[in-house]
Amino acid sequence: MSAPDLRRAAAARALELVEPGMRLGIGTGSTAAAFIALLGDRVRAGLDVIGVPTSEATRIACEREGIRLATLDELPELDLTIDGADEVDGRLRLIKGGGAALLREKIVAMASRRMVVIADAAKRVETLGAFPLPIEVNAFGLGATWRAVERALAESGCAGKPLTRRLDAAGEPLVTDGGHALLDAHLGAIPDPEGLSARLWAVPGVVEHGLFLGISDTAFLAEASGSEARVTVLSRP
Ligand SMILES: O=C[C@H](O)[C@H](O)[C@H](O)COP(=O)(O)O
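Residues numbered from 1 in each chain as written. Predicted model: local features only at pLDDT ≥ 70, side-chain atom pairs only at ≥ 80, totals over all residues.

**Some words on the site of the ligand**
No. 1: Taken together, 18 residues form the shell around the ligand, and within it Gly29, Thr31, Gly84, Gly98 and Gly99 come nearest.
No. 2: Looking at the shell around the ligand, the elements with two or more residues in it are α2 (30-44) and α4 (102-110).
No. 3: Here the shell around the ligand takes three residues from α2, the largest share from any one element.
No. 4: Classifying every residue of the shell around the ligand gives five nonpolar, nine polar and four charged. (Near = placed C-beta within 6 Å. Helix = DSSP H or I, 4+ residues; strand = E, 2+ residues; numbered from the N terminus. Nonpolar A, V, L, I, M, F, W, Y, C, P; charged D, E, K, R; others polar.)

Quick look at the structure:
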């Protein structure tokens, strides 16, 4: 059972939630790409839905599949967002942004009545933080914001942990779809995600961070079971 097979299994389970006429938030990343491909098949078979993409990459993928798209200006309320995650804990708290799309992903998820996560079961963790936490920051005053973020991390019990600037595939500083820089906090473990979230939001220059807390209510997690994929449903307690 390959990783793409597991992603497809989780995506297929989420597709069962999609009903005709729904306004969908459409996530970013390799698992969301599997969902977009399956949704495209359904759309070509006659399913009428409209989607808001969470990144330029997703917009292009959806257009290729013939999925009707809108902006959040046109559709400020969505029924359901389906998206991947980099880590999921037992309370459905997430780290997202491995693909640099966290800002649009959070805006779209918050505009949705429901956000459902699709992921390989390997993304399930006991404690968030092994995956570097992405922090999107305004490029103006980056040095000062960097220092302030380090202080916020230290106050949250994550002292002395390295902060790095995300680079793109060409090795240049990455610029997000929103025109911002991205820092990655290599924390190992986040003892208090809610506290860290509040401290990061208090830093001028921080545009958004990759902690998604209290946003998603369900995760479909796929793992190999013999030659089959088994999808486990994780619900927020
Ligand atoms: O910015 C990207 C997103 O948060 C992705 O949903 C996340 O990184 C998971 O991506 P993948 O499904 O490729 O593991």
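**A word on the UniProt feature "active site" (unreviewed entry) in the chain**
No. 1: UniProt's entry tags Glu105 with the feature "active site" (unreviewed entry), counted in the numbering of this structure.
No. 2: Along the chain, Glu105 falls in helix α4.
No. 3: If we ignore the near neighbours within four places in the chain, the residues touching Glu105 are Gly27, Thr28, Thr54, Asp83 and Lys96. (UniProt positions renumbered as here; feature names shortened; annotations may be inferred. Contact = placed C-beta atoms within 7 Å.)

**Observations concerning the nonpolar core**
No. 1: Formed by 62 residues in total, the largest nonpolar core has its most connected members in Ala10, Phe35, Ile118 and Phe220.
No. 2: Here this core spans two domains, and each of domain 1 (3-123 + 214-235) and domain 2 (133-210) adds at least three residues to it.
No. 3: Look past the residues within four positions of Phe220 in its chain and what remains in contact with it is Ala10, Arg13, Ala14, Val116, Ile118, Val231 and Val233. (Core = buried A, V, L, I, M, F, W, Y, C linked by C-beta atoms within 7 Å. Buried ≥ 20, exposed ≤ 12 C-beta atoms within 10 Å, placed from the backbone. Domains from an automatic or database assignment.)

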